[in-house]
Amino acid sequence: MSRLVWWLAALCCTACAVLVCWAWIDRPLAFWIDAHRLGEVARSGFRPLTVLPDPLIPMGALAFLVLGLRALAGGRLGRSSSVIVVCLFALMTTETIKNVLKWVFGRPWPVSWRGEDPSLIRTGDYAFHWLAGGAAYSSFPSGHMAAAAAVLSVLWIYYPRLRAVCITLIILVGAGLVGSNFHFAGDVLAGAFTGISVAWMSTSLFSQLRLRGPSTIGQPQDAAERQEAAKCRTGTK
């Protein structure tokens, strides 16, 4: 079975899971968390995890500048630097896609975080406002979840030894976002799928650009490249 078929199957499963959450889970879970004040407890306990994706964009921009200047100076990307480039590509692409999806779906938040904005808890607004996304209707999909999943999924692919850490962080970030009433469960599922999808596609694209996999990432792939790399290391021309 091709990777495209696997992705389409995952898309269908995620869509079904989101529909199940919207119909039977998201609303009662958000009210239950609010009624038992669990959101306050979760926000204090999970706050570091829910804000974990926040610095990714500025850190990514800084990393891009540093690596770009290094490349302009003639430096070659090693394994870790090459993985960072893939992470940056996946992160920026995820950021763009999730902004489009938020505008398309226009879902209100579980709780009003901007004063008088509509939300499920404050105004009972639970409907999707199609093609009307804005600050008040940006709950779906979760951008924090998407960003975290994108970066951690790239690391999952290239560093198999870190997979337990990656999946644990993804689960904890998702639990913190839902438990804090920052997002509905369906938002988090959709955000995770978005980030994982972009990471998978990014690594597949870069594998066609002579990044053949974890064992050879950042290494010259043919005789001409190996000869050129040797010249660079010895300073000959």
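What you see is a predicted model; the values in this text were computed from it and never measured.

Q: Is there a simple way to think about the nonpolar core in this case?
A: Counting 15 residues, the largest nonpolar core has Met145, Val173, Leu177, Val178 and Val188 as the members making the most contacts within it. Among the elements of the structure, helix H1 (3–35), helix H6 (143–158), helix H7 (163–179) and helix H8 (185–207) are those that each provide at least two residues to this core. With five residues, H7 is the largest single contributor of residues to this core. In terms of nonpolar packing, the next biggest core, distinct from the first, is built from 13 residues, Val86, Cys87, Val198 and Ala199 among them.

Q: I would appreciate a short explanation of the packing of H6 against H7 in the present structure.
A: Between two packed helices, the angle of one axis relative to the other and the distance separating the axes together describe the packing. Two elements in contact, H6 and H7, have axes whose closest approach is 9 Å; the angle formed by their N-to-C orientations is 175°. Considered as vectors, H6 and H7 are oriented roughly antiparallel to each other. Residues His144, Met145, Ala148, Ala149, Leu152, Leu155, Trp156 and Ile157 of H6 touch H7, and the partners they reach there are Arg163, Cys166, Ile167, Leu169, Ile170, Val173, Gly174 and Leu177. The class makeup of the residues in the contact of H6 with H7 is 13 nonpolar, two polar and one charged.

Q: Help me out: how do you make sense of the pattern of salt bridges in this one?
A: When the charged atoms of two side chains with opposite charge come close together, those side chains can pair. Evaluation of the coordinates by the stated rule reveals three salt bridges. A salt bridge links Arg107 to Asp26; its shortest N-O distance comes to 3.0 Å. Placement of Arg107 in the loop between helix H4 (79–105) and helix H5 (120–123) and of Asp26 in helix H1 is noted, with a sequence separation of 81 residues between them. Residue classification places Asp26 among the buried positions, given a relative accessible area of 2%. Between Lys98 and Glu95 there is a salt bridge whose closest N-O contact spans 3.5 Å. Of the two residues, Lys98 and Glu95 both sit in helix H4, three residues apart, roughly one turn of that helix. Note on Lys98: relative accessible area 11%, which makes it buried. The exposure class assigned to Glu95 is partly exposed, which follows from its relative accessible area of 26%. Because the salt bridges share partners, they merge into one network encompassing Asp26, Arg107 and Asp187.

Q: Which parts of the structure should I look at to understand unusual backbone geometry?
A: Backbone phi values are negative for most residues with the exception of glycine, while trans is the configuration of most peptide bonds. Looking along the chain, the bond that leaves Phe140 and enters Pro141 is cis, with omega of -5°. Along the chain, Pro141 falls in the loop between H5 and H6. Unlike most non-glycine residues, Asn181 shows phi in positive territory, near 65°. As for its placement among the helices and strands, Asn181 is situated in the loop between H7 and H8.

Q: I'm lost on the side chain of Ser82 in this one. Help?
A: Mapped onto the secondary structure, Ser82 falls in helix H4. Its relative accessible area of 4% is what places Ser82 among the buried residues. A polar contact of 2.8 Å, which involves the side chain of Ser82, links it to the backbone oxygen of Gly78.

Conventions adopted
- Residues numbered from 1 in each chain as written.
- Predicted model: local features only at pLDDT ≥ 70, side-chain atom pairs only at ≥ 80, totals over all residues.
- Heavy atoms only, no water.
- Core = buried A, V, L, I, M, F, W, Y, C linked by side-chain atoms within 4.5 Å.
- Buried < 20%, exposed > 50% of the residue type's maximum accessible area, 1.4 Å probe, protein only.
- Helix = DSSP H or I, 4+ residues; strand = E, 2+ residues; numbered from the N terminus.
- Axes fitted to C-alpha atoms, helices over the stretch in contact; angles between N-to-C directions.
- Parallel < 35°, antiparallel > 145°, perpendicular 65-115°, else oblique.
- Contact = heavy atoms within 4.5 Å.
- Nonpolar A, V, L, I, M, F, W, Y, C, P; charged D, E, K, R; others polar.
- Salt bridge = Lys/Arg side-chain N within 4 Å of Asp/Glu carboxyl O.
- Polar contact = N/O pair within 3.5 Å; in protein donor to acceptor, adjacent residues only side chain to side chain.

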